[in-house]
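Now for the letters of each chain:
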Amino acid sequence: MHYSIIKDIFGLLEKFELENKDNIYSSDIEGFKKWLCVKESPQLKELDEPYWDGKENGRSPESVISTSLVHLNRYAKSYSKSAISDSGFATQEDFIYLITLKTFGEMTKMELIKKNIHEKPAGILIINRLIKLRWVEQKESETDKRKKVINITDAGLTSLENQMDKIRMATNIVAGDLKHSEKMELIRILDKLEKFHYPIFHRNIDSKKLIDIISTEYSFLKN
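About the thresholds
- Residues numbered from 1 in each chain as written.
- Predicted model: local features only at pLDDT ≥ 70, side-chain atom pairs only at ≥ 80, totals over all residues.
- Heavy atoms only, no water.
- Salt bridge = Lys/Arg side-chain N within 4 Å of Asp/Glu carboxyl O.
- Helix = DSSP H or I, 4+ residues; strand = E, 2+ residues; numbered from the N terminus.
- Core = buried A, V, L, I, M, F, W, Y, C linked by side-chain atoms within 4.5 Å.
- Buried < 20%, exposed > 50% of the residue type's maximum accessible area, 1.4 Å probe, protein only.
- Contact = heavy atoms within 4.5 Å.
- UniProt positions renumbered as here; feature names shortened; annotations may be inferred.
- Axes fitted to C-alpha atoms, helices over the stretch in contact; angles between N-to-C directions.
- Parallel < 35°, antiparallel > 145°, perpendicular 65-115°, else oblique.
- Nonpolar A, V, L, I, M, F, W, Y, C, P; charged D, E, K, R; others polar.
- Expected span 1.5 Å × (residues − 1).
- Bend = angle between axes of the 7 residues up to and from the residue.
- Left-handed = near helix turned anticlockwise from the far one by under 90°.

1. Concerning the pattern of salt bridges
Where charged atoms of side chains with opposite charge meet at close range, the side chains can pair.
Phase 1 of the analysis: Scanning the entire structure with this criterion turns up six salt bridges.
Phase 2 of the analysis: For the salt bridge of Asp-94 with Arg-129, the shortest nitrogen-to-oxygen distance reads 2.7 Å. Pair noted here: Asp-94 is in helix α5 (residues 92-104) and Arg-129 is in helix α7 (residues 120-132), with a separation of 35 residues, a long-range link.

The structure is reproduced here in structure tokens:
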């Protein structure tokens, strides 16, 4: 048996784990094979690069990513709007707030607002609308009497359940014709972006200074 080959393989596996801390590739043989192909064949990476509108004119990949995320958000909103038509829901944020409370349990208003990446004024409007509909209620926290928390009511659960089939269908449509492996890869990439942006958002930096501050703090943004 060629033990030197086995030693080399273990060396590659160790290198794969070190370079894949951000889970760009799946932690299985398929992910290892993809990493190895890119690592050992740089020219393959170039051939694998997709085409996008304006690429030949110097349009950057960052521009494509930003535009695509904006477009996908608009597509998702159109499906959500269809899912809540002829219901008591005014916007997709209404059922997203209810789903959040159903999934994570009671929380303060600000916890709920921050969890849904909203600014306070917009979040308060949504919560007040849900309280008026009696789909959520506000009460004193059982663990801290100084705090008030909100939770989803039985009426809210019923309203949510009445629309869940359409809501699930809307989310399925948003995922389009992606294969399971593609969905998993997309989740990993989006999660990485979430982990980058989430702490920045919660610093509540003044919008006039936001870009200047972040571009200064992250040197790779200047490349």
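Read on for the rest.
2. Some remarks on the nonpolar core
Phase 1 of the analysis: Residues Phe-89, Tyr-97, Leu-98, Leu-101, Leu-112, Leu-130 and Leu-160 are the most contacted members of the largest nonpolar core, which totals 21 residues.
Phase 2 of the analysis: Elements represented by at least two residues in this core include exactly α5, α6 (109-115), α7, β2 (148-152) and α8 (154-174).
Phase 3 of the analysis: Contacts of Leu-160, omitting those with residues within four sequence positions, involve Phe-89, Phe-95, Leu-98, Ile-99, Lys-102, Ile-152 and Ile-167.

3. So, unusual backbone geometry
Phase 1 of the analysis: In this model, Asp-86 sits at a positive phi of 60 degrees, which is unusual for a non-glycine residue.
Phase 2 of the analysis: Relative to the helices and strands, Asp-86 is located in the loop between α4 (61-83) and α5.
Phase 3 of the analysis: Phi angles above zero are rare outside glycine, and Ile-117 is one such case at about 50 degrees.
Phase 4 of the analysis: The topology assignment puts Ile-117 in the loop between α6 and α7.
Phase 5 of the analysis: The exposure class of Ile-117 is partly exposed, given its relative accessible area of 36%.

4. Regarding the side chain of Asn-116
Phase 1 of the analysis: Looking at the secondary structure, you find Asn-116 in the loop between α6 and α7.
Phase 2 of the analysis: For Asn-116, a relative accessible area of 16% gives the class buried.
Phase 3 of the analysis: For Asn-116, the residues in contact, after removing those within four places along its chain, are Ile-96, Tyr-97 and Thr-100.

5. Here's the deal with the UniProt feature "domain: HTH marR-type" (unreviewed entry) in the protein chain
Phase 1 of the analysis: Sequence positions flagged by UniProt for "domain: HTH marR-type" (unreviewed entry) are, in local numbering, residues 92-156.
Phase 2 of the analysis: In residues 92-156, the share of helix is 55% and the share of strand is 15%. The end C-alpha atoms are 14 Å apart.

6. Points about the packing of α5 against α7
Phase 1 of the analysis: Contact geometry for α5 and α7: axes closest at 10 Å, N-to-C directions at 80 degrees. Between α5 and α7, the crossing angle belongs to the class labelled roughly perpendicular. Across the interface between the two elements, Glu-93, Asp-94, Tyr-97 and Leu-98 from α5 touch Gly-123, Ile-126, Ile-127, Arg-129 and Leu-130 from α7.
Phase 2 of the analysis: When the residues that make up the contact of α5 with α7 are grouped by side-chain class, the tally is five nonpolar, one polar and three charged.

7. Notes on the side chain of Ser-80
Phase 1 of the analysis: Structurally, Ser-80 can be placed in helix α4.
Phase 2 of the analysis: The exposure class assigned to Ser-80 is buried, which follows from its relative accessible area of 9%.
Phase 3 of the analysis: In contact with Ser-80, other than residues within four places in its own chain, are Gln-92, Phe-95 and Ala-170.

8. Some remarks on α8
Phase 1 of the analysis: With 21 residues, α8 extends 29 Å between its outermost C-alpha atoms, agreeing within 8% with the 30 Å of an ideal straight helix rising 1.5 Å per residue.
Phase 2 of the analysis: Along its length, α8 reaches its greatest deviation from straightness, about 55 degrees, at Met-164.
Phase 3 of the analysis: Taken as a whole, α8 has its buried residues at Gly-156, Ser-159, Leu-160, Gln-163, Met-164, Ile-167 and Ala-170.
Phase 4 of the analysis: Looking at the buried residues of α8, the elements they touch are α4, α5 and β2.

9. Brief notes about the packing of α5 against α8
Phase 1 of the analysis: Following both chains from N to C, one finds α5 and α8 inclined at 110 degrees, their axes separated by 11 Å at the closest point. When the axis of α5 is compared with that of α8, the two are roughly perpendicular. The element α5 and its partner α8 pack so that their crossing is left-handed. Packed against α5, whose contacting residues are Phe-95, Leu-98, Ile-99 and Lys-102, the element α8 presents Gly-156, Leu-157, Leu-160, Glu-161 and Ile-167 at the interface.
Phase 2 of the analysis: Taken together, the residues of the contact of α5 with α8 sort by class into six nonpolar, one polar and two charged.

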